[in-house]
Amino acid sequence: MAETMQFDLVSPERSLMSAQVKSVQIPGADGDMTAMPNHAPLITTLRPGVLKVETDKGTEEFVVTGGFAELAEGLSVLAERAVPKADVDQAAYEAMVDEAHAAYKQTKETSKNEPGPVDDAAKLLADMVAVGTHIGLSPKQPSL
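Residues numbered from 1 in each chain as written. Predicted model: local features only at pLDDT ≥ 70, side-chain atom pairs only at ≥ 80, totals over all residues. Heavy atoms only, no water.

Description of the nonpolar core
Our working definition: Residues belong to one nonpolar core when they are buried, are Ala, Val, Leu, Ile, Met, Phe, Trp, Tyr or Cys, and are joined through side-chain atoms within 4.5 Å. We call a residue buried when its accessible area falls under 20% of the maximum for its residue type, exposed when it is over 50%, and partly exposed in between, using a 1.4 Å probe and counting protein chains only. Only DSSP runs of H or I reaching four residues or more are called helices, and only runs of E reaching two or more are called strands; each is numbered from the N terminus.
By size, the foremost hydrophobic cluster in this structure holds 21 residues, and its most contacted members are Phe7, Leu9, Val24, Ile26, Leu51, Val53 and Leu75. At the level of secondary structure, the elements contributing two or more residues to this core comprise strand 1 (5-10), strand 2 (15-21), strand 3 (23-28), strand 4 (31-35), strand 6 (49-55), strand 7 (58-64), strand 8 (67-71) and strand 9 (75-79).

Spelled out as structure tokens, the structure:
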């Protein structure tokens, strides 16, 4: 049996996975990374993307919209929203993009003289749009 680590994925609604895993590919805000047993401790924020979990039984994938990951003796991912990839159809994906677009519009209205938050919201929206391509759906292109 390959070396494993404890992995926990939770969202505000529920716990999605708690298992011993070989590795987890994380869509980090500063770039993708792979966490494995004996990895150096770290905390990173998540961007919208696909979290891939490799277990002895195969690979499980989850669409996450943000949150953070803490890697110590094991890996804990606290996601703003996490949905098994198999449960994300075109309508569910478009609803996620619509939420990101609404957040962008709200930030644009409230931060007229502050480009930083608007740029951050635009990046999150672009990352959410890109998720569609990564999971095999037609990407939705909202207007900025």
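From this point, the narrative continues.
Thoughts on the side chain of Thr44
Just so we agree on the cut-off: By definition in these notes, contact holds between two residues if any of their heavy atoms fall within 4.5 Å.
Its location among the elements puts Thr44 in strand 5 (residues 42-46). Every residue in contact with Thr44, bar those within four places of it in the chain, is listed here: Gly28, Ala29, Met33, Gly67, Phe68 and Ala69.

Remarks on the pairing of strand 6
Put simply, the test is: Note: two strands are recorded as paired if DSSP finds a minimum of 2 bridges between them.
Across the seven residues that make up strand 6, a large majority, five, are buried. As paired strands, strand 3 and strand 6 are joined by three bridges and run antiparallel to one another. By the bridge assignment, Gln25 is partnered in strand 6 with Lys52. Of the strand pairs in this sheet, strand 6 and strand 7 are connected by seven bridges, and their pairing is antiparallel. By the bridge assignment, Val50 is partnered in strand 7 with Val63.

Looking at a nonpolar patch on the surface
The condition is simple: Only residues above 30% relative accessible area that lack a salt bridge enter a patch, with like-charged residues linked at up to 9 Å and the nonpolar side chains Val, Leu, Ile, Met, Phe, Trp and Tyr linked at up to 5 Å. Using the Shrake-Rupley algorithm and a 1.4 Å probe, accessible areas are obtained, with residue cover drawn only from the displayed protein chains. Whenever Lys or Arg places a side-chain nitrogen within 4 Å of a carboxyl oxygen from Asp or Glu, that contact is recorded as a salt bridge.
On the surface, Ile43, Phe68 and Leu78 cluster together into a nonpolar patch covering about 280 Å² of accessible area. Structurally, Phe68 can be placed in strand 8.

Describing the packing of helix 1 (residues 90-110) against helix 2 (residues 115-134)
Let me state the cut-off plainly: Inter-axis angles, ranging from 0 to 180 degrees, are taken between N-to-C directions of lines fitted to C-alpha atoms, where helices are fitted over the stretch in contact. Here is the rule for angles: anything less than 35 degrees is roughly parallel, anything more than 145 is roughly antiparallel, 65 through 115 is roughly perpendicular, and the remaining ranges are oblique. The residue classification treats Ala, Val, Leu, Ile, Met, Phe, Trp, Tyr, Cys and Pro as nonpolar and Asp, Glu, Lys and Arg as charged. All others, Gly included, are polar.
One can describe the packing of helix 1 onto helix 2 by two numbers: an axis separation of 9 Å at closest approach and a directional angle of 170°. The orientation of helix 1 relative to helix 2 falls into the category roughly antiparallel. Every residue of helix 2 that contacts helix 1 at Tyr93, Met96, Val97, Ala100, His101, Tyr104, Thr107 and Lys108 is listed here: Pro117, Val118, Ala121, Ala122, Leu125, Met128, Val129, Val131 and Gly132. A per-class count over the contact of helix 1 with helix 2 returns 13 nonpolar, three polar and one charged.

What about the pattern of salt bridges?
Throughout the structure, instances matching the rule amount to six salt bridges. Here Lys52 makes a salt bridge to Glu61, at a shortest N to O gap of 3.8 Å. The exposure class of Lys52 is partly exposed, given its relative accessible area of 33%. A residue is classified by how much of its surface remains accessible, and Glu61, at 24% relative accessible area, is partly exposed. As a salt-bridge pair, Glu99 and Arg81 come within 2.8 Å of each other at their nearest N and O atoms. Remark: Arg81 occurs in the loop between strand 9 and strand 10 (82-84) and Glu99 occurs in helix 1; sequence separation between them is 18 residues. Glu99 gets classed as partly exposed once you look at its relative accessible area, which sits at 45%. Among the residues examined, Arg81 registers a relative accessible area of 24% and is labelled partly exposed.

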